[in-house]
Amino acid sequence: MDTTTDNADQLFEAGYYCAETVLLTIASEEGISSDLIPAIATGFCSGIARTSQMCGALSGGILALNMIYGRRSVNDSVTQNYTVVQKLLKEFKEKFGSQNCGELLGCDLATRKGQKEFLERELYQDCQRYSRETAAMVRMIIDQQPFENQPHESSTNSCKPHEEEVNSCRAPVESKG
């Protein structure tokens, strides 16, 4: 775990933001390299683009888990992914008391006043701690839960479990012809 927390600290101190730090830490430890990493995490930083919503470190953790456990095709199940994401959400809230950036920091990053307070109170140190500890949580989840590529079972469709053969998270596609 020390390696993960050290890696996260180094990335944060190098200038990456919370969501970028967590995603990049886990990607590098897993040997995953892409031009999209950390770019796909940037908008999740600062409580989702300075809107003081979900903590960026937590968002980055979810992205990192998706990178490992996310579906590779429509035939794959979402069950394992949802399980590990729910585990991270629960652990984060238990550890920090909230999942919301504004509540965690005690300021509103969407305002100049909040941004000034963030700098004056050196709240970036809190963000670094959330990033470091979230990366460690994700690392532990990955180490404890090996990826299992399971085929989709229509009975486990959690969007609308009673509609078995339909992907009920999206509107049905009409056939042409």
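A.B. asks: How should unusual backbone geometry be read in this particular structure?
C.D. replies: Residue Pro38 follows Ile37 across a cis peptide bond; omega there is 15 degrees. Mapped onto the elements of the fold, Pro38 is located in the loop between helix 2 (18-29) and helix 3 (45-50). One non-glycine residue, Arg50, lies in positive phi territory at about 60 degrees. Its place among the elements puts Arg50 in helix 3.

A.B. asks: Please explain the layout of surface pockets as it appears in this structure.
C.D. replies: A water-sized probe rolled over the atoms picks out the places where empty space is left. One number sums up the size of the largest pocket: a volume of about 380 Å³. If you go around the largest pocket, you meet 19 residues; those closest to its centre are Tyr17, Ser46, Phe118, Tyr124 and Cys127. For the lining of the largest pocket, the elements supplying multiple residues, two or more each, are helix 3, helix 6 (101-105), helix 7 (112-120) and helix 8 (124-144). In terms of residue class, the lining of the largest pocket is built from 14 nonpolar, four polar and one charged.

A.B. asks: Honestly, the state of the cysteines in this entry has me stumped. Any pointers?
C.D. replies: In a disulfide, the sulfur atoms of two cysteines are covalently bonded to one another. Within the structure shown, the criterion is met by zero disulfides. Cys18 supplies the cysteine sulfur nearest to Cys45, a cysteine that is in no disulfide, at a spacing of 4.4 Å. Looking at Cys55, it has no disulfide partner, and the nearest cysteine sulfur is the one in Cys18, 5.8 Å off. Residue Cys55 is classed as buried on the basis of its relative accessible area of 5%.

A.B. asks: Looking at this structure, how should I read the packing of aromatic side chains?
C.D. replies: What describes a pair of aromatic rings is the distance from one ring centre to the other and the angle between the planes of the rings. Going through the model one piece at a time under the given rule, you end up with four aromatic pairs. A ring pair is formed by Phe92 and Tyr130, whose centres lie 6.4 Å apart and whose planes are at 50 degrees; its orientation type is tilted. Of this pair, Phe92 sits in helix 5 (residues 79-96) while Tyr130 is found in helix 8, placing the two residues 38 residues apart along the sequence. A residue is classified by how much of its surface remains accessible, and Phe92, at 0% relative accessible area, is buried. Three or more aromatic residues joined by ring pairs form one cluster here, namely Phe92, Phe96 and Tyr130. One Lys or Arg, Arg72, reaches over the ring of Phe147 and ends 5.4 Å from the middle of that ring.

A.B. asks: I'm lost on the pattern of salt bridges in this one. Help?
C.D. replies: By the definition in use, this model includes nine salt bridges. Of the charged contacts in the structure, one is a salt bridge between Glu29 and Arg139, with a shortest N-O distance of 2.9 Å. With Glu29 in helix 2 and Arg139 in helix 8, the pair connects residues that are 110 residues apart, well separated along the chain. What makes Glu29 partly exposed here is its relative accessible area of 25%. Of the residues examined, Arg139 reaches a relative accessible area of 10% and is grouped as buried. The salt bridge partner of Asp143 is Arg139, with a shortest N-O separation of 3.2 Å. In this pair, Asp143 and Arg139 are both assigned in helix 8, four residues apart and thus about one turn of the helix distant. A cluster of three or more residues bridged by salt bridges with shared partners is formed by Glu29, Glu30, Arg139 and Asp143.

Calculation notes
Residues numbered from 1 in each chain as written. Predicted model: local features only at pLDDT ≥ 70, side-chain atom pairs only at ≥ 80, totals over all residues. Heavy atoms only, no water. Helix = DSSP H or I, 4+ residues; strand = E, 2+ residues; numbered from the N terminus. 1 Å grid on protein atoms, 1.4 Å probe; cavity = no way out; pocket = protein on both sides within 12 Å on 5 of 7 lines; lining within 4 Å. Points joined across faces, edges and corners; volume = space filled by probe spheres on them. Nonpolar A, V, L, I, M, F, W, Y, C, P; charged D, E, K, R; others polar. Disulfide = S-S within 2.5 Å. Buried < 20%, exposed > 50% of the residue type's maximum accessible area, 1.4 Å probe, protein only. Phe/Tyr/Trp six-rings, centres within 6.5 Å; stacked < 30°, edge-to-face > 60°. Lys NZ or Arg CZ within 6 Å of the ring centre and 35° of its normal. Salt bridge = Lys/Arg side-chain N within 4 Å of Asp/Glu carboxyl O.

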